[in-house]
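Structural description and commentary
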Amino acid sequence: MSATTGLAIGHHRDYAGAKIGMWVFLFTELLLFGGMFLLYSVYRTTHAEDFHYAAQELDTLVGTMNTLILLTSSLTMVLAVATMHAAKRKTAIALLALTIALGLWFLVNKYFEWGAKFEHGIYPNSEFLLQHPKGEILFFGLYFSMTGLHGLHVIVGVILLTVTAFKTAKRPYEEVVFGGAGVAAIDGARVALLDPAGKPLWSSDPIDDSVDNVAVRLKYRPLPRRVRKEDYALLENAGLYWHLVDIIWIFLFPLFYLIT
Amino acid sequence: MAGGKTVKDEHSGEQHVGYDVYILAWVALLILTAVTVTVAGLHLGRLSVLTAVAIAGVKASVVLFFFMHLKYEKPLFRTMVYVTLGALVVFIGLTFTDILFR
């Protein structure tokens, strides 16, 4: 009966690997936006005058407000991770909800900002814009594609955070499997689960030739003091993504709104 | 910010960062935003681009090192970030050797 000595088979979770994988993904994002920043800096060098005038069209107040919103959302995000590590699940989820709300607020501002541009006839390939110098057309082309791609990232981030909030709200199960009881030893018997008084709670079908393995799987829910940060790799990685989106905006903001 | 409280994680031995560190980082980011908006209003000409990008770089570093935990991660993560940023600098630098002397 050597097989019944309680061989626990846990879930294999590669915490460090998950985090490195997330960073590698973030690097591809960085190079994606890096290419666009390169395009911006080249056109800015060759059309400095036009960029200067075109940038005056943008509303610095809205840009500044969106900057403050994203910076604050990064704070609530990092606090959500920190409170989760301290096993304060409800606080963590409230902070995540706040982060999502700030992300949505950013998008609403962006919607009105773009809407105002469209009303003034400023959109890619618009009649109004095509009458302007080449540099201004380039500026708005870059403005719409770069803030548009960033906006898409905010939308993806909000969805990712929502999924993360739901997954975090569920307590993670831990599972231990005691497996591989020699079937021959219990052939022709029934396996039963007994309560402390010896009363059967559950019993199996008879073990016969069709059964080739008997295993017991224990599932339990950890109390807060058992919370390990390794259990919240998704939350941490979603946070890393959200902070990257913030970093990209940190560069977009001065380059489009401030340099006039 | 070196005085921020850190608590040893009992499971992994890694350090947990105190909430005060994050709030200080956020305050620093808000101040830097105020600085960059103010400086942009001064019309420094050529210098304005340089200062704006420099301030953005400092802000990005605060987010990377504190919010994204780069300061507390193993050296491998910092190396990976530096290699990526180095690649970006090479791309941009090489392109400008073409653009500027064309």
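The rules behind each value
Sequence order sets the numbering: in each chain, residues are counted from 1 along the sequence as written. Chains carry letters and ligands carry numbers; both start at the beginning, A for chains and 1 for ligands, and go up in the order they are written. This being a predicted model, a pLDDT of at least 70 is required before a residue's local features are given, and a value of 80 or more before pairs of side-chain atoms are given or counted; all residues contribute to the totals for chains, interfaces and linings. Note that water and hydrogens are dropped before the side-chain values are worked out from all heavy atoms of the structure. Only DSSP runs of H or I reaching four residues or more are called helices, and only runs of E reaching two or more are called strands; each is numbered from the N terminus. Accessible area is worked out with a 1.4 Å probe on protein chains only. A residue is then buried under 20% of its type maximum, exposed over 50%, and partly exposed in between. We define a polar contact as two N or O atoms separated by no more than 3.5 Å, with the added condition that, inside protein, one atom must be a possible hydrogen donor and the other a possible acceptor, whereas residues neighbouring each other in sequence contribute only through side-chain atom pairs. Residue contacts follow a heavy-atom distance rule, with two residues in contact if any of their heavy atoms lie within 4.5 Å. Lines fitted to C-alpha atoms define the axes, with helix axes restricted to the stretch in contact, and inter-axis angles between N-to-C directions lie between 0 and 180 degrees. Just so you know how the angles are binned, under 35 degrees is roughly parallel, over 145 roughly antiparallel, 65 to 115 roughly perpendicular, and the rest oblique. Note on residue categories: nonpolar means Ala, Val, Leu, Ile, Met, Phe, Trp, Tyr, Cys or Pro, charged means Asp, Glu, Lys or Arg, and polar means any other residue, Gly included. Accessible surface is computed with a 1.4 Å probe, and the buried area is the amount of it that two parts give up when combined, taken over both parts together. We count a salt bridge whenever a side-chain nitrogen from Lys or Arg sits within 4 Å of a carboxyl oxygen from Asp or Glu.

Quick notes on the side chain of Glu-73 of chain B
Relative to the helices and strands, Glu-73 of chain B is located in the loop between α2 (46-67) and α3 (75-100). For Glu-73 of chain B, a relative accessible area of 10% puts it in the buried group. A distance of 2.8 Å separates polar atoms of two side chains, one belonging to Glu-73 of chain B and the other to Lys-19 of chain A. Among residues more than four places away in sequence, those in contact with Glu-73 of chain B are Lys-19 of chain A together with Arg-78 of chain B.

Thoughts on the packing of helix α3 (residues 60-85) of chain A against helix α1 (residues 19-40) of chain B
Closest axis-to-axis distance for the α3 of chain A/α1 of chain B pair is 10 Å, and the angle between their directions is 170°. When the interaxial angle is binned, α3 of chain A and α1 of chain B end up roughly antiparallel. Counting all contacts with α3 of chain A, which are made through Thr-64, Thr-67, Leu-68, Leu-71, Thr-72, Leu-75, Val-78, Leu-79, Ala-82 and Thr-83 of chain A, the residues of α1 of chain B involved are Tyr-19, Tyr-22, Ile-23, Trp-26, Leu-29, Leu-30, Thr-33 and Val-37 of chain B. Taken together, the residues of the contact of α3 of chain A with α1 of chain B sort by class into 13 nonpolar, 5 polar and no charged.

A closer look at the interface of chain B and chain A
Each side of the interface is counted separately: chain B has 43 residues, and chain A has 46 residues. With both chains or domains summed, chain B and chain A bury close to 3800 Å², and 81% of this area falls on carbon and sulfur atoms. Contact with chain A buries surface across chain B, with Tyr-19, Phe-67 and Met-68 of chain B losing the most and accounting together for 15% of the total. Between the two partners, chain B and chain A, sit 1 salt bridge. For Glu-73 of chain B, the salt bridge goes to Lys-19 of chain A, with nearest N and O atoms at 2.8 Å. At the boundary of chain B with chain A, the tally comes to 2 residue pairs in polar contact (both at pLDDT 80 or more). Of all the secondary-structure elements, those providing two or more residues to the side of chain B that touches chain A are α1, α2 and α3 of chain B.

Here we look at the side chain of Thr-99 of chain A
All names here are of chain A. You can see Thr-99 is positioned in helix α4 (residues 89-119). Under the relative-accessibility criterion, Thr-99 is labelled buried at 0%. Looking at Thr-99, its side chain comes within polar contact range of the side chain of Thr-76, at 2.8 Å. If we skip the residues at most four places from it in the chain, Thr-99 touches Ser-73, Thr-76, Met-77, Leu-161 and Trp-242.

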